[in-house]
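Structure assessment
Now for the letters of each chain:
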Amino acid sequence: MAAVTSTPVDLSAAFVMAPTVLGDWLVILPPALMITAGALLMMVRHRMHLHVRIAIPALLLLVLVDAALLFKVATQGPVTMMMGRWLPPFGIAFTVDLFGALMNLVAGTVAFAAGIAALKDINDSGRRYGFFPFLMLLMAGVSGAFLTGDIFNLYVWFEVLLISSFGLLILGSEREQIDGAMKYAVLNLIGTTLFLISVGYLYAIFGTLNMADIALKAREIEGAPLMTLSALFILAFSMKAAAFPVNFWLPASYHTPRITVSALFGGLLTKVGIYALMRVMVMLFPLQREELSLVIGLLAALTLIIAALGMLAQDDMRRMAGYAVIVGIGNMLAGIAVGTVAGISGALLYALHSILAMTALYLVIGRAAALTGTFSLTAAGGIYRVAPGFAFASLALFLAVAGLPPFSGLWPKIMLVKASLDIGAWWLAGTILLSGFLTTVALGRIFLLAYWRPQTKAEGRGEAGETLAQDRQTLWPLYGLIAIITLFGLLPEGPLGLSQLAAEGLLQPVSYIQSVFPAGGAQ
Amino acid sequence: MEFVLACLVGAFFAAAIYLLLSRHTVRMLLGIAILGNAVNLLIFTGGRLTREVPPIIGSGLDTLTAGAANPLPQALILTAIVISFSFFAFLLVLTYRAFQELGTDDTDEMRLAEPKNDPLPPAGY
Amino acid sequence: MNTLIFRTVAPFLTALMILFSVFVLLRGHNEPGGGFIGGLIAASAFAIYGIAYGVAAVRRAIIVHPMSIAGAGLLLAVVSGLVSVFAGVPFMTGLWIYPSLFGVEVPLATVMSFDVGVYLVVVGAITSIALALEEREED
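In this text, all values refer to a predicted model and were calculated from it rather than measured experimentally.

**Thoughts on the overall build of chain B**
When you go through chain B residue by residue, the secondary structure sums to three helices and zero strands. Of the regular secondary structure in chain B, the N- to C-terminal order runs α-α-α. Taken over the C-alpha trace, chain B has a radius of gyration of 22 Å; the compact-globule value for 125 residues is 14 Å, which it surpasses by more than 25%. With respect to the principal axes defined by its C-alpha atoms, chain B has extents near 80 × 35 × 30 Å. In chain B, which comprises 125 residues, the proportion classed as buried is 25%. At a minimum sequence separation of 6, the contacts of chain B that also span at least 24 residues come to 57%.

Printed below as a string of structure tokens:
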């Protein structure tokens, strides 16, 4: 096919002509690295001794790359790379601002911790089903979602992480897991379909999928059905984030897989939904968010109360943790509803705290079940006598989850309460505090029954104890996460300052847009 | 023409939602398949319906001929089809396994993960 | 499903379909076709073979596990994207070389190796799902 070129083609009309700086590759490296590692692991799927040797260094590398990316973004502002050299808004852009980079680093850290915890928790049969390849692909999806600057590409990353989460959820194919996976799969698929519908409408309205371009156009466009579009996006992302009234898939499924998988899911998946909601509603459609703030606020309040009550009603500790994840979602939604710099940075900070704390919470529960032989609060007991050190670490984590000083949950909660009082939404502030109180009661009950209570005759003892042997190795990632949470609680200035800057960048995405369109304007 | 297709999309959505409301997993699966098609048709219609030239650069030319159709919605649909196809394949296997393992296709009876007689936590020791 | 006619025809049909799938894959370079549709054709070829001769026969025929094929494809696709780091252009930029083969200039591109990767991913993933479904029918 010899193409006849009649005229010399002006490449600069279609291509980014400036040479790519090597440092810009950091933008694409996290998902590319994870896909490469996942592909390698799929190729050697039967040689299981290789899995650990590939997966753990890859995850460590991911954390380092994420940290380097955050450093670059924090010092130089948002970074953009156009896939395939095509000029924006036509090519797919990967644009990273402080918001995306922060979420990405924390998510990478949690994945590393979960990878180490999996060394003991996931046995050979779990590895044969492909735990590590699925973990790599899940992280590719998660980091791709945090880094992309194109809304359809965001949808694709959502699907990548969704399909790998299916694989992780049914690891081992036990009957309970299949039951949970059925509900998780169907409802999440409907959620992403809603997202796809919204993207279709968005393209019909704007004629572009590049987020920076949309952000520019959304502030000027008139007479477009943006409210409908925003409502659709809120519904779709609420479903992903498990906000009331579309949260019921989460407590139905998150307690069924292995505890490490639960920990990963509880930490990461819902937060990707919140990330997308903030990206779309705060950065792209600020006016519509303003209009819908009462609706979002009511959703937040209902989520907070229903989930806290759900926590109180559970006997199974894992299901209680599932509701704890939803309480966190309610707090973040409250921040989005408030919408001021303080509110958004509170929500972001809460998201970061929640990624760490929820993963640690599931790991603590897994360890507690290994010590007592049961997940049931009726039967568990006596942990404090067996393992006092672990009991103290758990108490620290419970305080952090409940938002009590001196741990990481405190600062975002103070910011959220103050931000809602500042705009006069006393009811929202009250709900946050009430829900925090109920969470404290529920977690206090775990500590009281499973830790302080003298050993009871546990009927299920030994069943879970076999799968989770008394290995110190499972504890390192747990203690690592709790140490980060404590540090974050004691020295909050760094994260606070960064989240403030990230929230400002999200509300006034000037530098984000400038990074995509260096010349200043679109086209 | 848009009107007809809009009605068709509506009919697809209605059928999909009706099927999804069913308690039987196989019907829900069919509902999901129809829902995916409804969305694809919606994006297709949203990308304007024209009788214009297909967006293919002819041999000997450098640019598209004037009035060519917009290829992007089609590209989006293609991606969405691929994704919904793979999800459908996965769900098919999952539903089949669920039927084999749980012995039912009625979601009301799938209460293994959330047992009906789940005890409340004790109020004290 | 294993009638005499079907069992006789299946190997030829499988071979023809795989050949056609490669044709469609390479045609996708400049004309309609490509890795995804080619991969689907190849996967259905394996599915037909599996219906006729059983899953074990397919697994023997393709030697490596289908998921390993998918993994290799994924790796090839990512590497095709990463090659552009050496050219100083962004990820996934198409790079071309024009080697001369028996006096004919053959344009090769990372676009094409990416497409081959897609082909392998689709073949591997869909075959593994199809085989899993067929396996269940037997027991």
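**As for the pairing of strand S2 (residues 93–96) of chain A**
All names here are of chain A. Neither face of S2 is left uncovered, since the one carrying Ala-93 and Thr-95 and the one carrying Phe-94 and Val-96 both have all their residues buried. Taken together, the four bridges between strand S1 (residues 79–82) and S2 define a ladder with antiparallel strand orientation. Along S2, the bridge assignment pairs Thr-80 with Thr-95.

**Remarks on the packing of helix H7 (residues 175–206) of chain A against helix H9 (residues 226–241) of chain A**
Residues and elements named next belong to chain A. Between H7 and H9, whose axes approach to 8 Å, the crossing angle comes to 155 degrees. Here H9 runs roughly antiparallel to H7, going by the angle between their axes. Here the hand of the crossing between H7 and H9 comes out left-handed. For the pair formed by H7 and H9, the contact residues are Gly-191, Leu-194, Phe-195, Ile-197, Ser-198, Tyr-201, Leu-202 and Ile-205 on the first element and Leu-229, Leu-232, Phe-233, Leu-235, Ala-236, Met-239 and Lys-240 on the second. The residue inventory of the contact of H7 with H9, partitioned by class, reads 12 nonpolar, two polar and one charged.

**Re the confidence of the model for chain A**
Residue and element names in this part refer to chain A. For chain A, the average pLDDT comes to 87, and 94% of its residues sit at 70 or higher. A low-confidence stretch, residues 1–5 (pLDDT under 50), is modelled with three contacts involving residues beyond four sequence positions or located in other chains. Confidence drops under pLDDT 50 across residues 458–469; counting only partners more than four residues distant or on other chains, this segment forms 23 contacts.

**Concerning the interface of chain C and chain B**
Listed per partner, the contact involves five residues of chain C and four residues of chain B. Considering every element that reaches the side of chain C that touches chain B, the biggest residue donor is helix H5 (residues 110–138) of chain C, with four residues. Within the side of chain C that touches chain B, the residues separate by chemical class into four nonpolar, no polar and one charged.

**Observations concerning the interface of chain B and chain A**
Taken together, the contacts link 35 residues of chain B with 39 residues of chain A. Of all the elements in the fold, those that place two or more residues in the side of chain B that touches chain A are helix H2 (25–46) and helix H3 (72–102) of chain B. Broken down by element, the residue count for the side of chain B that touches chain A peaks at 14 residues, all from H3 of chain B. Partitioned by chemical class, the residues of the side of chain B that touches chain A number 24 nonpolar, six polar and five charged.

**A word on the nonpolar core**
Residue and element names in this part refer to chain A. Formed by 275 residues in total, the largest nonpolar core has its most connected members in Leu-102, Met-136, Ala-360, Leu-361 and Leu-397. A per-element tally of this core places helix H15 (residues 341–372) first, with 21 residues. What Ala-360 contacts, discounting residues up to four positions off in sequence, is Leu-397, Leu-478, Leu-481, Ile-482 and Ile-485.

**A few points about unusual backbone geometry**
All names here are of chain A. Cis geometry is found at the peptide bond from Pro-88 to Pro-89, where omega equals 0 degrees. Among the structural elements, Pro-89 can be located in the loop between S1 and S2. Here the amide bond leading from Phe-244 into Pro-245 is cis, since omega sits at 0 degrees, within 30 degrees of zero. Mapped onto the elements, Pro-245 comes out in the loop between H9 and helix H10 (249–253). At Ala-242, a residue that is not glycine, the phi angle is positive and equals roughly 65 degrees. Residue class for Ala-242 comes out buried when judged on the 29 C-beta atoms lying within 10 Å of it.

**Let's talk about the packing of helix H5 (residues 131–147) of chain A against helix H6 (residues 151–169) of chain A**
Residue and element names in this part refer to chain A. Packing of H5 against H6 leaves a shortest axis separation of 8 Å and a crossing angle of 155 degrees. Relative to H6, the element H5 is oriented roughly antiparallel. When you trace H5 past H6, the crossing you get is left-handed. Mapping the contact onto sequence places Phe-131, Phe-134, Leu-137, Leu-138, Ala-140, Gly-141, Val-142, Gly-144 and Ala-145 in H5 and Leu-154, Trp-157, Phe-158, Val-160, Leu-161, Ser-164, Ser-165, Gly-167 and Leu-168 in H6. Taken together, the residues of the contact of H5 with H6 sort by class into 13 nonpolar, five polar and no charged.

**Notes on the environment of Gly-88 of chain C**
Among the structural elements, Gly-88 of chain C can be located in the loop between helix H4 (66–82) and strand S1 (96–97). Here the alpha-carbon distance between Gly-88 of chain C and Met-112 of chain C, two residues 24 residues apart in the chain, equals 20 Å. If we ignore the near neighbours within four places in the chain, the residues touching Gly-88 of chain C are Pro-19 and Thr-20 of chain A.

**Considerations on H15 of chain A**
All names here are of chain A. Taking 1.5 Å of rise per residue, 32 residues should cover 46 Å, and H15 covers 45 Å from first to last C-alpha, within 8% of that figure. Of all the bends in H15, the greatest measures close to 25 degrees and is centred on Ser-354. Counting buried positions along H15 gives 30 out of 32 residues, so the element sits mostly inside the fold. Looking one or two residues beyond H15, the residue adopting positive phi is Gly-373, at roughly 85 degrees.

About the cut-offs
- Residues numbered from 1 in each chain as written.
- Chains lettered and ligands numbered in written order.
- Predicted model: local features only at pLDDT ≥ 70, side-chain atom pairs only at ≥ 80, totals over all residues.
- Helix = DSSP H or I, 4+ residues; strand = E, 2+ residues; numbered from the N terminus.
- Rg over C-alpha atoms; globule rule 2.2 N^0.38 Å.
- Buried ≥ 20, exposed ≤ 12 C-beta atoms within 10 Å, placed from the backbone.
- Contact = placed C-beta atoms within 7 Å.
- Pairing = 2+ DSSP bridges.
- Axes fitted to C-alpha atoms, helices over the stretch in contact; angles between N-to-C directions.
- Parallel < 35°, antiparallel > 145°, perpendicular 65-115°, else oblique.
- Left-handed = near helix turned anticlockwise from the far one by under 90°.
- Nonpolar A, V, L, I, M, F, W, Y, C, P; charged D, E, K, R; others polar.
- pLDDT = per-residue confidence, 0-100.
- Core = buried A, V, L, I, M, F, W, Y, C linked by C-beta atoms within 7 Å.
- Expected span 1.5 Å × (residues − 1).
- Bend = angle between axes of the 7 residues up to and from the residue.

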